Amino acid sequence: KAKIIYKKALQFNSKDSNILNNLANTYKSSGDCQTSIKLYEKAISSNSNHVESVFNLGITKLLLNDYKYGLELYEKRLQCNQIYSLIARPDFKKIETKPKTGEKLLIISEQGLGDTVQFMRYVFYLKEKGIDVYFCAQTKLFNLIKSSNLNVPLVLPNEVNSINEYKWLPLLSLPKLLDVNPNNPIINQPYIFPSDKLIKKWKNIFSAEQKPIIGINWQGNPDAEKQSLRGRSIALDYFAPIAKTIKGKFVSLQKGFGSEQLDNCSFRQAFIDSQRLVDQTWDFEETTAIIANCDLIITTDTVIAHLSGGLGKKTWLLMQYIPDWRWGLKGDSTFWYPSITLFRQTRAGDWNGVINRILLELK
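None of these values were measured; they are calculated from a predicted model. (Residues numbered from 1 in each chain as written. Predicted model: local features only at pLDDT ≥ 70, side-chain atom pairs only at ≥ 80, totals over all residues. Heavy atoms only, no water.)

A. Focus on the overall build of the protein. Helix and strand content of the protein: 15 helices and nine strands. Radius of gyration (C-alpha) of the protein: 21 Å, near the 21 Å computed for a compact globule of 363 residues. Principal-axis analysis of the C-alpha atoms gives the protein an extent of 65 × 55 × 35 Å. When the 363 residues of the protein are sorted by exposure, 55% land in the buried category. (Helix = DSSP H or I, 4+ residues; strand = E, 2+ residues; numbered from the N terminus. Rg over C-alpha atoms; globule rule 2.2 N^0.38 Å. Buried < 20%, exposed > 50% of the residue type's maximum accessible area, 1.4 Å probe, protein only.)

B. Examining the packing of aromatic side chains more closely. Per the stated rule, a full pass over the model turns up 17 aromatic pairs. Put simply, the rings of Phe55, Tyr67, Tyr74, Phe119, Trp325, Phe335 and Trp336 pair up and form one aromatic cluster. Cation over ring: Arg121 sits above Tyr337, and NZ or CZ is 4.9 Å from the ring centre. (Phe/Tyr/Trp six-rings, centres within 6.5 Å; stacked < 30°, edge-to-face > 60°. Lys NZ or Arg CZ within 6 Å of the ring centre and 35° of its normal.)

C. Geometry of the packing of helix α1 (residues 2-10) against helix α2 (residues 17-29). One way to put it is that α1 packs onto α2 with a least axis distance of 10 Å and a crossing angle of 155°. Between α1 and α2, the angle is such that the two are roughly antiparallel. Two packed elements cross with a definite hand, and for α1 against α2 that hand is left-handed. Two secondary-structure elements touch here, α1 through Ala2, Lys3, Tyr6, Lys7, Ala9 and Leu10 and α2 through Ile19, Leu20, Asn22, Leu23, Thr26 and Tyr27. A breakdown of the residues in the contact of α1 with α2 according to their chemical character gives eight nonpolar, two polar and two charged. (Axes fitted to C-alpha atoms, helices over the stretch in contact; angles between N-to-C directions. Parallel < 35°, antiparallel > 145°, perpendicular 65-115°, else oblique. Left-handed = near helix turned anticlockwise from the far one by under 90°. Contact = heavy atoms within 4.5 Å. Nonpolar A, V, L, I, M, F, W, Y, C, P; charged D, E, K, R; others polar.)

D. Structural detail: helix α4 (residues 51-63). Taking 1.5 Å of rise per residue, the 13 residues of α4 would be expected to cover 18 Å, and the 18 Å separating its terminal C-alpha atoms lies within 8% of that figure. Those residues of α4 that sit buried are Val51, Ser53, Val54, Phe55, Asn56, Leu57, Gly58, Ile59, Thr60, Lys61, Leu62 and Leu63. Asn65, located one to two residues past α4, shows a positive phi value of around 70°. (Expected span 1.5 Å × (residues − 1).)

E. Region of the structure containing the sheet that holds strand β2 (residues 132-136). The parallel open sheet is built from four strands, whose spatial order is β3-β2-β1-β4. With partners counted over all chains shown, the strands left at the sheet margins are β3 (154-155) and β4 (167-170), one partner each. Two strands pair when backbone bridges link them, and strand β1 (residues 104-108) and β4 are joined in this way by four bridges, in the parallel orientation. Within β4, the residue paired with Ile108 across the bridge is Pro170. (Pairing = 2+ DSSP bridges.)

F. Inspection of the pattern of salt bridges at higher detail. The final tally for this structure, using the stated rule, is seven salt bridges. Here Arg326 ties to Asp115 by a salt bridge, and the two come within 2.8 Å at their closest N and O atoms. Pair noted here: Arg326 is in the loop between β8 (315-319) and β9 (340-344) and Asp115 is in helix α6 (residues 113-119), with a separation of 211 residues, a long-range link. Note on Arg326: relative accessible area 7%, which makes it buried. Here Asp350 ties to Arg347 by a salt bridge, and the two come within 3.3 Å at their closest N and O atoms. By relative accessible area, which is 15% here, Asp350 ends up buried. If you follow the salt bridges from partner to partner, you end up with Glu75, Arg77 and Glu110 in one network. (Salt bridge = Lys/Arg side-chain N within 4 Å of Asp/Glu carboxyl O.)

G. Up close: the sheet that holds strand β6 (residues 249-252). The parallel open sheet is built from five strands, whose spatial order is β6-β5-β7-β8-β9. At either end of the open sheet lies a strand with only one pairing partner, and these are β6 and β9. Within the sheet, the average angular offset between the axes of one strand and its neighbour, ignoring direction, is 25°. The sheet contact formed by strand β5 (residues 213-217) and β6 spans four bridges and is parallel. Opposite Ile214, over in β6, you have Phe250 as the bridge partner. Sitting on the sheet, helix α15 (residues 351-362) is in contact with β5, β7 (296-299), β8 and β9, with an inclination near 160° to β8.

H. Highlighting the nonpolar core. Residues Ile107, Phe135, Leu307, Trp325 and Trp336 are the most contacted members of the largest nonpolar core, which totals 70 residues. Counting 26 residues, the second-largest nonpolar core is a separate cluster that includes Phe250, Leu262, Phe267 and Ile298. (Core = buried A, V, L, I, M, F, W, Y, C linked by side-chain atoms within 4.5 Å.)

I. Just the environment of Phe124, in detail. In this fold, Phe124 is placed in helix α7 (residues 121-128). Here Phe124 falls in the buried class, since its relative accessible area comes to 12%. Along the backbone, Phe124 and Ser14 are 110 residues apart, and their C-alpha atoms lie at a distance of 48 Å.

J. View of the environment of Lys28. Along the chain, Lys28 turns up in helix α2. Along the backbone, Lys28 and Ile290 are 262 residues apart, and their C-alpha atoms lie at a distance of 37 Å. Not counting residues within four places of it along the chain, the set of residues in contact with Lys28 comprises Cys33, Ser36, Tyr40, Ile59, Thr60, Leu63 and Ile322.

See the structure below:
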């Protein structure tokens, strides 16, 4: 219906970049990326300053694994909307070239917690290359970053202008400057580590539980799902057939929005006895220690996937039909995290098909 309406609108103004961009989005959402690319390019030819079309073209190229061109266009993200905003915006100079040994650089996190967890691996890399790095990240992640031995000074968002002798760079611009692509991930081995003390704590707590223990997560940040990520989350009830199959227990890794579904869950008995202790844990380092003590993680596309992947834990990731660009459109593996297996929808909205494949794999 949307395609019909946009095409009708183009009869009145065939060069309207907003309409062309919206029509391209509908084609991408239905899986026709080649048609969407042509429409984005037409929108850009009509208005070269139409940043949404340039950004969306970059996203589509990344979905198709064209990282060279895609990451170049992805730089337009910061001009688009609040979802892609930085957590701080310094007053001093932004770097535009590949960082060099000895350079002083402030890296600024952007977007969600999962983005920081995924891409902070390249802050490690810069440090190893002899670059003097400060890292401005979400305070919720400070303990995990410290326990992972990042060994760079952490900066609060309101402190960034105190180090104005440095140049700065958005975190998600690092893949472009470092020429990251599916054949050159640079770092894809485990790079985040909770403390041994916390791992031992949860090992002791879980020692009384029935094994195997499967960590599950079903809901991401709802604010991020109002646009392109709409449909990436599922209801807890989708896990009911799995609960009947497993010999062990679930542990819910859900925090905040969505966790209320546990209250009326029809398979509440399938969760570990110490679930209440887990629910009271909000620190990301401790959550990662809990993940380390699970036998398997099954999750939708949330920060839990990145914590588990960055830890090197066996993870099954439930994928919507057209996922976020970082997962691509094909295959059951990802170059970002060798321990993650992707279970993709074959039709938009068909989570039952994904769950059925999970059941087969469990058996």
